[in-house]
Amino acid sequence: MRRRRRRRRRRSCCAFLRSAATAPVGADRAGEAPGSGRGVPRLERAAHIERLRRDQFDILVIGGGATGCGAALDATTRGLSVALVERADFSEGTSSRSTKLIHGGVRYLERAVKRFDRTQFRLVREALRERAVLMRIAPHLSREVSIFVPLYRHLQTPYYLLGLKLYDRLAGRHAISASRFVRRRAACERFPQLRVQVDRELTGRRLRGGVIYYDGQFDDSRMNVALALTVAREGAAVANYVAVVALAHGADGRVIGAQVEDRLTGDRWRVSARVVVNAAGPYADRVRQLETPQAEPLLRVSTGTHIVLGPRFPPPPIGFLIPRTEDRRVIFMLPWQGHTLVGTTDVPAEVHDDPVPSAAEIDYLAAHTRRYLNLDVAADDVRAAWCGLRPLLMHERDAARSRSAAAARDHRIEVSATGLITAAGGKWTTYRSLAVAAINRAIAVGGLPARGSGTRNTLLVGGDDYRDDAADRLADRFDLDAATAGHLASAYGSAAAQVVASEADRVPLVAGHPQVAGEVRYAVEVEGAQRVMDVLARRVRLAFVDPAAATTVVGDVAATMATMLGWSDEERYEEVQAAIRELREMQPHP
């Protein structure tokens, strides 16, 4: 899918996008865009692929999601030479489709207490520690969020209040704020849309009050892109759209690299490394089966669907948790990107590239929203819907259970007889601890000389020199409205000024949304975007909140990218059609 340029001039956002694409930006030093601190690296794909072809590496990481980028970053901070390849875009799969929470998991804590389950208890405690790390190393991409749990029975009050106090206690010095009980009147003032009486078969009582507790929230795919940029900044060779087609073995039978294919050009070559780490998320078993076709799976996969509600449902001031549905799940309603995010479901699934939410899952989430809110959620209120694959670790006791919700969000490191290291399971909050464990094992297996992990204190790109008043400073410096400045500050942190360097950059991408034209240029020039949906879905996030609005600018974005990447007219047409198809799948009622 590549190369060439050509397009008509016209007075609209597309014209501004064109000028933004061709505006010179300069660099502080080779491969880095100007900025504060250590600079922002550019994911110049051609240069990184040249290194993948030429260099010998200590570690090759397969997978550019949270775990893969986390493992690559951990290895670079130990002084190792690292290559990372991703078969699609960074965070194209699971890592861009989470519930956007950095959390210990109140559901897992409840299960740990009820079942005396040490695995779940350890997972919660580890996740709460990692929550603090993640919020520290990416201050622009993460924030505190308060979540309200409505209670409809007298006995629920001590049950949930004591449980959430235990949640606070497990966090220790990393606790955000103390959980507290809220009486019914105060609860109704905070949530005027909240139903006082819900279905009796579900709760059996009227609203008694609720508990407010505190967790972290983040932008998952922006975090993943920041990780990839940080990996590049630390010296790794990083490339998206490079797929592993076979593993390479030495004379002694041990894995010493991989045969890879550039999915944009079709070129194939071998990447050589002393150790290979398989961090392919839901695809981890497929990588294992490249070596051992009959390998027993480490994972069971489920899909989780989320919906985003339209303007009749403005984002709540705090989050909202339905603690128990009739099928024993939990559902969150959260403020995210200026909208209301509702999720998630948990349905057993097979691994495939483009999971699409079913009408039944969308209706399930809408029905539970209607059950607890006075406002009826009509079909056209669901502005966006999307789902992702969860790589759930398969325990022996889970194999006999049909419900994927019973599977643990634990992780495991496996080393094959030929030395292939697989990091399986986990979740976003604990990506870093899984990455550390994987690299610890890689160092031992490969006999690599390395120091200790440094990722606990490694600020991600955009987090260095970030200030709490960044949005105000951007607004003053570039004459931006508050919504646009807030969006840029939270998405790019200390690098935000580079995104709006020229007047053309500051033109709105689409009316009614805070994204600007400069983000398209920056996504391609700095963040390694290669396709239209890389920009609209995983860089500017517009596809996830308003796919209909994103559809209106597909042609403009494709024209800008065609100029920057040298696409032919045919390639540009194919990109437009592919993006429109994907965006249509994210619209429940296109």
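Everything below is about the structure shown above.
Just so it is clear, the structure is predicted and the values come from calculations on it, not from any experiment.

**Student:** I would appreciate a short explanation of the nonpolar core in the present structure.
**Tutor:** Within soluble globular proteins, side chains that are nonpolar tend to cluster in buried spots. Formed by 100 residues in total, the largest nonpolar core has its most connected members in Ile59, Val61, Leu488, Val532, Leu536 and Val557. Top element by residues in this core is helix α8 (residues 220-233). It accounts for 8 residues. Ignoring sequence-local partners within four residues, the contact set of Val532 consists of Val554, Val557, Ala558, Met561, Trp567, Glu575 and Ala579.

**Student:** What exactly am I supposed to notice about a positive patch on the surface here?
**Tutor:** On the surface, a cluster of positive charge is made up of Arg125, Arg129, Arg136, Arg173 and Arg456. Within the secondary structure, Arg129 is located in helix α5 (residues 118-137).

**Student:** Explain the environment of Asp252 here, please?
**Tutor:** Structurally, Asp252 is set in the loop between β10 (242-249) and β11 (255-262). Asp252 gets classed as exposed once you look at its relative accessible area, which sits at 59%. Asp252 sits 166 residues away from Thr418 along the chain, and the two C-alpha atoms are 8.8 Å apart. From its side chain, Asp252 meets the backbone nitrogen of Arg254 in a polar contact 3.1 Å long.

**Student:** Just to check I follow, could you spell out helix α2 (residues 45-54) for this structure?
**Tutor:** Residues three or four positions apart in an α-helix share a direction because the helix packs 3.6 residues into each turn. Along α2, the residues that are buried comprise Arg45, His48, Ile49 and Leu52. Projection of α2 onto a plane perpendicular to its axis shows the buried side chains occupying an angular sector of 100 degrees, all on one side. Exposed residues lying more than 90 degrees from the buried face of α2 are Ala46 and Arg54.

**Student:** Looking at this structure, I do not really get the pattern of salt bridges. What am I missing?
**Tutor:** Between side chains of opposite charge, a pair can form as their charged atoms come close. Applying the stated rule across the entire model yields 30 salt bridges. A salt bridge links Arg45 to Asp262, with the shortest nitrogen-to-oxygen separation between them at 2.7 Å. Of the two residues, Arg45 sits in helix α2 while Asp262 sits in strand β11, which places them 217 residues apart along the sequence. For the residue pair Arg45 and Asp262, the accessibility class agrees, reading buried in each case. A salt bridge links Arg521 to Glu525, with the nearest nitrogen and oxygen atoms 3.1 Å apart. Taken together, the residues Arg521 and Glu525, both in helix α15 (residues 518-525) and 4 residues apart, mark about one turn of the helix. For Glu525, a relative accessible area of 18% gives the class buried. Members of the salt-bridge network, linked through shared partners, are Asp89, Glu92, Arg222, Glu527, Asp534, Arg538 and Arg539.

**Student:** Just checking my understanding: could you explain the packing of helix α16 (residues 532-539) against helix α19 (residues 554-565) for this structure?
**Tutor:** To describe two helices that pack against each other, one gives the angle between their axes and the distance between the axes. The N-to-C vectors of α16 and α19 enclose an angle of 120 degrees; their axes lie 9 Å apart at closest approach. Judged by the angle between their axes, α16 and α19 are oblique. In this structure, α16 crosses over α19, and the sense of that crossing is right-handed. On α19, the residues touching Val532, Val535 and Leu536 of α16 are Val554, Val557, Ala558 and Met561.

**Student:** Help me understand the packing of α15 against α19, please; the structure alone is not making it clear to me.
**Tutor:** The interhelical angle for the contact between α15 and α19, taken along N-to-C directions, is 40 degrees, at an axis separation of 10 Å. Crossing of α15 against α19: the hand is right-handed. Here α15 contributes Val520, Arg521, Val524 and Glu525 to the contact with α19, which in turn contributes Val557, Thr560, Met561, Met564 and Leu565.

**Student:** So what exactly am I meant to see when it comes to unusual backbone geometry here?
**Tutor:** Negative phi characterises most residues that are not glycine, and trans characterises most peptide bonds. That bond from Gly343 to Thr344 is cis: its omega, 15 degrees, falls within 30 degrees of zero. The residue Thr344 is located in the loop between β16 (339-343) and β17 (347-349) in this model. One non-glycine residue, Asp465, lies in the positive phi region at around 65 degrees. Counting through the fold element by element, Asp465 comes out in the loop between α11 (431-446) and α12 (470-478). The residue Arg541 is not glycine, and still its phi comes out positive at about 70 degrees. Inspection of the secondary structure assignment puts Arg541 in the loop between α16 and α17 (542-545).

**Student:** Please explain the pairing of strand β20 (residues 421-425) as it appears in this structure.
**Tutor:** Regular strands have side chains that alternate between both faces of the sheet. Among the 5 residues that make up β20, 5 are buried, leaving the element largely enclosed by the rest of the structure. As defined by bridge partners, strand β12 (residues 268-278) adjoins β20 across 2 bridges and the pair is classed as parallel. Bridging from a neighbouring strand, Val277 pairs with Ile421 of β20. Counting the residues that bridge the hairpin from strand β19 (residues 411-415) to β20 gives 5 residues, and of these Gly419 lies at a positive phi of roughly 95 degrees.

Quick notes on the rules
- Residues numbered from 1 in each chain as written.
- Predicted model: local features only at pLDDT ≥ 70, side-chain atom pairs only at ≥ 80, totals over all residues.
- Heavy atoms only, no water.
- Core = buried A, V, L, I, M, F, W, Y, C linked by side-chain atoms within 4.5 Å.
- Buried < 20%, exposed > 50% of the residue type's maximum accessible area, 1.4 Å probe, protein only.
- Helix = DSSP H or I, 4+ residues; strand = E, 2+ residues; numbered from the N terminus.
- Contact = heavy atoms within 4.5 Å.
- Patch = residues over 30% accessible without salt bridge, like charges linked within 9 Å, V, L, I, M, F, W, Y side chains within 5 Å.
- Areas by Shrake-Rupley, 256 points an atom, 1.4 Å probe, with all protein chains shown as cover.
- Salt bridge = Lys/Arg side-chain N within 4 Å of Asp/Glu carboxyl O.
- Lys, Arg positive; Asp, Glu negative; His and termini not counted.
- Charge placed at Lys NZ, Arg CZ, Asp CG, Glu CD.
- Polar contact = N/O pair within 3.5 Å; in protein donor to acceptor, adjacent residues only side chain to side chain.
- Arc of directions from axis to C-beta.
- Axes fitted to C-alpha atoms, helices over the stretch in contact; angles between N-to-C directions.
- Parallel < 35°, antiparallel > 145°, perpendicular 65-115°, else oblique.
- Left-handed = near helix turned anticlockwise from the far one by under 90°.
- Pairing = 2+ DSSP bridges.

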